[in-house]
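Now for the letters of each chain:
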Amino acid sequence: MTEPDALPRLDGQVALVTGASRGIGAAAARVLAAQGASVALTARSAEAIEAIARELTDAGGRAVAIAGDIGDIAWAEALVEEAAEALGAPTILVNNAGMVGPIGRLLDCDPADWARNVTVNLLGAHAVLRAALPGMVEAGGGTVINVSSGAAENVYEGWSAYCAGKAGLAMLTRSLHLEYAGQGIRAFGFRPGTVDTEMQGEIRASGINPVSQMPREAHAPPEHPARVIAWLCGAEAQDLIGEELSIRDPELRRRAGLPVPGLSA
């Protein structure tokens with residue numbers, strides 16, 4: 001069997017990770033820093049991201065915590081400038097911040113809550129991307145990883161807002177690739193599968209669709225998608241730019257150095 005590709009060194013790069021206080025975002029910040037990137041972490045919880053930033057700097061890296069709400073579009077637009085002032089213009093953007101609620105059938109969901117979901121999952125990601133893009137183009141290129149979901153393509157009962165927002169995010173990835181691949185922008189949509197995060201706890205509590213019935217032990221640890229995110233930042237993923245990628249793809253897992261179910265080591 002062909003050996004998996006090693007994770008790329010990211011020395012000199014600046015990564016901005018949204019939703020970095022826990023779960024996939026926190027794990028991605030750690031692995032990107034371990035590969036040499038300077039990391040700007042953002043989330044609403046100042047205490048959580050400040051603790052992770054200290055952890056990364058204590059380990060010899062460069063990191064900064066910038067607390068705020070990605071659903072506040074004006075703040076999301078200003079976020080990139082603050083990160084650039086601290087670490088330099090981002091060359092890697094991980095649009096990971098997201099929310100699943102409101103969970104419920106269409107008529108049971110408050111319209112304001114529904115709109116809040118789409119604002120966080122799509123409009124906030126767009127705002128950060130739009131602010132980061134000029135610096136990436138000026139630098140000759142950059143990597144944008146929009147954390148997508150199987151819900152971008154498959155409908156789930158009770159998740160109308162989440163499905164709509166993630167479908168929009170997938171189309172945003174395709175638009176970015178179409179318009180800016182020629183200027184060195186490497187756009188990826190990445191579906192991390194079901195991961196053992198607080199969001200999955202919220203989903204289990206709802207009991208509304210088959211995903212909520214999955215036992216906790218069936219979900220992957222956040223470190224698995226974090227490894228793929230870091231791998232996508234390197235040259236070995238160049239043939240995949242512009243695509244919507246799933247962690248369930250055995251070939252992607254093999255290339256990123258993750259275990260492939262059904263195959264011996």
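A quick note: this is a predicted structure, and the numbers were derived from the prediction, not measured.

1. A closer look at the side chain of T173
Mapped onto the secondary structure, T173 falls in helix α5 (residues 160-180). Look past the residues within four positions of T173 in its chain and what remains in contact with it is N146, A187, F188 and G189.

2. Some remarks on the environment of G193
For G193, the location among the structural elements is in the loop between β6 (185-191) and α6 (198-206). Sequence spacing of G193 and H224 is 31 residues, and the spatial spacing of their C-alpha atoms is 9.9 Å. If near-sequence neighbours (up to four positions away) are discounted, G193 is found in contact with I247 and R248.

3. Some details on the pattern of salt bridges
Taken as a whole and judged by the stated rule, the model has 8 salt bridges. One salt bridge in this structure joins E244 and R191, with 3.2 Å as the shortest N-O distance. Taken together, the positions of E244 in strand β7 (residues 244-246) and R191 in strand β6 put the pair 53 residues apart, joining distant regions of the chain. By relative accessible area, E244 is classed as partly exposed at 26%. Here R255 makes a salt bridge to D239, at a shortest N to O gap of 3.0 Å.

4. Considerations on α5
Between its first and last C-alpha, α5 extends 30 Å over 21 residues, near the 30 Å set by a 1.5 Å rise per residue. Those residues of α5 lying buried are A161, Y162, C163, G165, K166, L169, A170, L172, T173 and L176.

5. So, the nonpolar core
Formed by 42 residues in total, the largest nonpolar core has its most connected members in L32, L41 and L232. Dropping the residues within four chain positions of it, L232 is found in contact with T143, I145, R186, F188, F190, A237 and L245. Formed by 30 residues, the second largest nonpolar core is a distinct cluster that contains W75, L87, L93 and A132.

6. Overview of the sheet that holds β7
Reading across the sheet, the 7 strands line up as β3-β2-β1-β4-β5-β6-β7 and stay open at both edges, with parallel pairing between neighbours. The two strands at the open ends of the sheet, each matched to only one other strand, are β3 (63-67) and β7. Adjacent strand axes in the sheet meet at a mean angle of 20°, parallel and antiparallel pairs treated alike. Note: β6 against β7, 3 bridges, orientation parallel. Across the sheet, the residue bridging to G189 is E244, located in β7. Relative to β3, helix α3 (residues 73-87) is tilted by about 155°, and along the sheet it contacts β1 (14-18), β2 (38-43) and β3. The sheet strands contacting helix α7 (residues 223-232) are β4 (92-95), β5 (142-147), β6 and β7, and the helix crosses β6 at an angle near 165°.

7. Brief notes about unusual backbone geometry
G101 connects to P102 through a cis peptide bond whose omega is 10°. Relative to the helices and strands, P102 resides in the loop between β4 and α4 (111-139).

8. Section: the environment of V80
Structurally, the position occupied by V80 is in helix α3. Discounting chain neighbours no more than four positions away, the residues touching V80 are L16, P90, V128, A131 and A132.

9. Remarks on the pairing of β1
Among the 5 residues of β1, 5 are classified as buried, and the element is accordingly described as predominantly covered. Here β1 shows a buried face lined by V14, L16 and T18 and a second buried face lined by A15 and V17. The handedness of the β1 to β2 crossover, carried by helix α1 (residues 23-34), is right-handed. By the bridge criterion, 3 bridges tie β1 to β4 in an arrangement that is parallel. By the bridge assignment for β4, V17 is matched with V94.

10. A closer look at the packing of α1 against helix α2 (residues 46-58)
In contact at an axis separation of 11 Å, α1 and α2 are set at 15° when each is read in the N-to-C sense. Compared by their axis directions, α1 and α2 come out roughly parallel. Of the two elements, α1 crosses α2, and the hand of that crossing is right-handed. Along its contact with α1, which presents A26, A29, R30 and A33, the element α2 presents I52, E55 and L56. Of the residues belonging to the contact of α1 with α2, the class tally is 5 nonpolar, no polar and 2 charged.

Scoring rules and cut-offs
Residues numbered from 1 in each chain as written. Predicted model: local features only at pLDDT ≥ 70, side-chain atom pairs only at ≥ 80, totals over all residues. Heavy atoms only, no water. Helix = DSSP H or I, 4+ residues; strand = E, 2+ residues; numbered from the N terminus. Contact = heavy atoms within 4.5 Å. Salt bridge = Lys/Arg side-chain N within 4 Å of Asp/Glu carboxyl O. Buried < 20%, exposed > 50% of the residue type's maximum accessible area, 1.4 Å probe, protein only. Expected span 1.5 Å × (residues − 1). Core = buried A, V, L, I, M, F, W, Y, C linked by side-chain atoms within 4.5 Å. Pairing = 2+ DSSP bridges. Axes fitted to C-alpha atoms, helices over the stretch in contact; angles between N-to-C directions. Right-handed = clockwise from strand over helix to strand, strands pointing away. Parallel < 35°, antiparallel > 145°, perpendicular 65-115°, else oblique. Left-handed = near helix turned anticlockwise from the far one by under 90°. Nonpolar A, V, L, I, M, F, W, Y, C, P; charged D, E, K, R; others polar.

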